[in-house]
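Listed here are the chains, written in short residue letters.
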Amino acid sequence: MDIAYVLHRRRYRESSLIVEFLTFDRGRVSAVARGALRTKSRLGASLQPLVPIKVAFSGRSELLTLKTAEAGAAAPLLDGPCTYSLFYMNELVLRLTAPHDKNVELFEVYRAATESLARNEALEPLLRRFEKRLLDAIGLGLTLETDADSGAPVENKLEYRYVPEQGLMRNTSERAGPRVHGDTLRALAQDAELSGRGLREAKQLMRYVLNHHLEGRKLSSRKLFEAYASGNS
């Protein structure tokens, strides 16, 4: 059996689901969970997000059939911000990865992030860490400690901008993108603690980089979170 996390699920026909998984052995896969919506379905009861489950599949096409799913523990209850953060993490994985591409590093990055979420850790540092590690794991990592123009080490007090396909460069008025101080870049690169200005700059940088890789496609999870935030302000 494989170990998997549920990324997304949607209704399929009368009583079934199509489920997107992130698995240890196969990478991201889609599978039909037949009868999962029936009242007494053990299969449906196991298909919870946030916690790892044991799964087995059959089939050779892109859309597999889920044969078994066994949950080891009940998923913890999350509050609104944590729930939308999980939606956001899942959507990034769905948008930025190819199906059936095994990536153990990505699986472990996702596992660490969901465990931190379940422990109710501070969301902003958790999400910045996840975004950075996700890009590293899928081959789109950022070089955060070296000036791409000169090859010189990033200096803490200087400001830089990230130029897509080129890297970090010293801030000049003609360059687009958010301004980020060198100490923020170093902290992000080293998974060091971020707060205040550093957290704000890291968020702006990662959003800019992710928007580039998403090719301008809007994330549904961001819209949901913004609607939630406006309704609770």
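The structure we're discussing is the one just above.
Keep in mind that what you see is a predicted model, and the values were worked out from it rather than measured.

J.: Give a detailed account of helix α5 (residues 182–189), specifying residues and quantitative values.
T.: Of the positions making up α5, those classed as buried are Gly 182, Thr 184, Leu 185, Ala 187 and Leu 188. Contacts from the buried residues of α5 go to α4 (123–137), β6 (159–163), β7 (167–170), β8 (180–181) and α6 (197–213). Following α5 by one or two positions, Asp 191 adopts a phi angle in the positive range, close to 55 degrees.

J.: Give a detailed account of the pattern of salt bridges, specifying residues and quantitative values.
T.: For the structure shown, the criterion picks out 16 salt bridges. A salt bridge links Glu 124 to Lys 203; the shortest N-O distance between them is 3.8 Å. With Glu 124 in helix α4 and Lys 203 in helix α6, the pair connects residues that are 79 residues apart, well separated along the chain. Each of Glu 124, Arg 128, Glu 131 and Lys 203 takes part in one network of salt bridges that share partners.

J.: Kindly report on the nonpolar core, identifying the contributing residues and their values.
T.: Counting 43 residues, the largest nonpolar core has Met 89, Leu 92, Tyr 110, Leu 117, Phe 130, Leu 185 and Leu 205 as its most contacted members. Among the secondary structure elements, those contributing two or more residues to this core are β1 (2–12), α2 (80–96), α3 (104–118), α4, β6, α5 and α6. Setting aside chain neighbours within four positions, we find Leu 185 in contact with Leu 144, Val 154, Tyr 160, Leu 168, Val 180 and Leu 205.

J.: Residue-level account of unusual backbone geometry, with values.
T.: One non-glycine residue, Glu 165, lies in the positive phi region at around 70 degrees. For Glu 165, a relative accessible area of 68% puts it in the exposed group. If you check the backbone angles, Glu 215 has positive phi at about 55 degrees while not being a glycine. Residue placement: Glu 215 occurs in the loop between α6 and α7 (220–231).

Rules used in this analysis
- Residue indices begin from 1 for each chain and proceed along its sequence in written order.
- Owing to the predicted nature of the model, reporting of local features is limited to residues with pLDDT of at least 70; listing and counting of side-chain atom pairs is limited to 80 or more, with chain, interface and lining totals taken over all residues.
- Processing note: side-chain calculations cover all non-hydrogen atoms of the structure and skip hydrogens and water entirely.
- Here the term buried applies to any residue with accessible area under 20% of the maximum for its type, exposed to any over 50%, and partly exposed to those in between, with areas from a 1.4 Å probe on protein chains only.
- A run of DSSP states H or I qualifies as a helix once it reaches four residues; a run of E qualifies as a strand once it reaches two. Both are numbered from the N-terminal end.
- By definition, residues are in contact when any of their heavy atoms lie within 4.5 Å.
- Any Lys or Arg side-chain nitrogen found within 4 Å of a carboxyl oxygen on Asp or Glu counts as a salt bridge.
- Side-chain atoms within 4.5 Å link the members of a nonpolar core, which is a set of buried Ala, Val, Leu, Ile, Met, Phe, Trp, Tyr and Cys residues.

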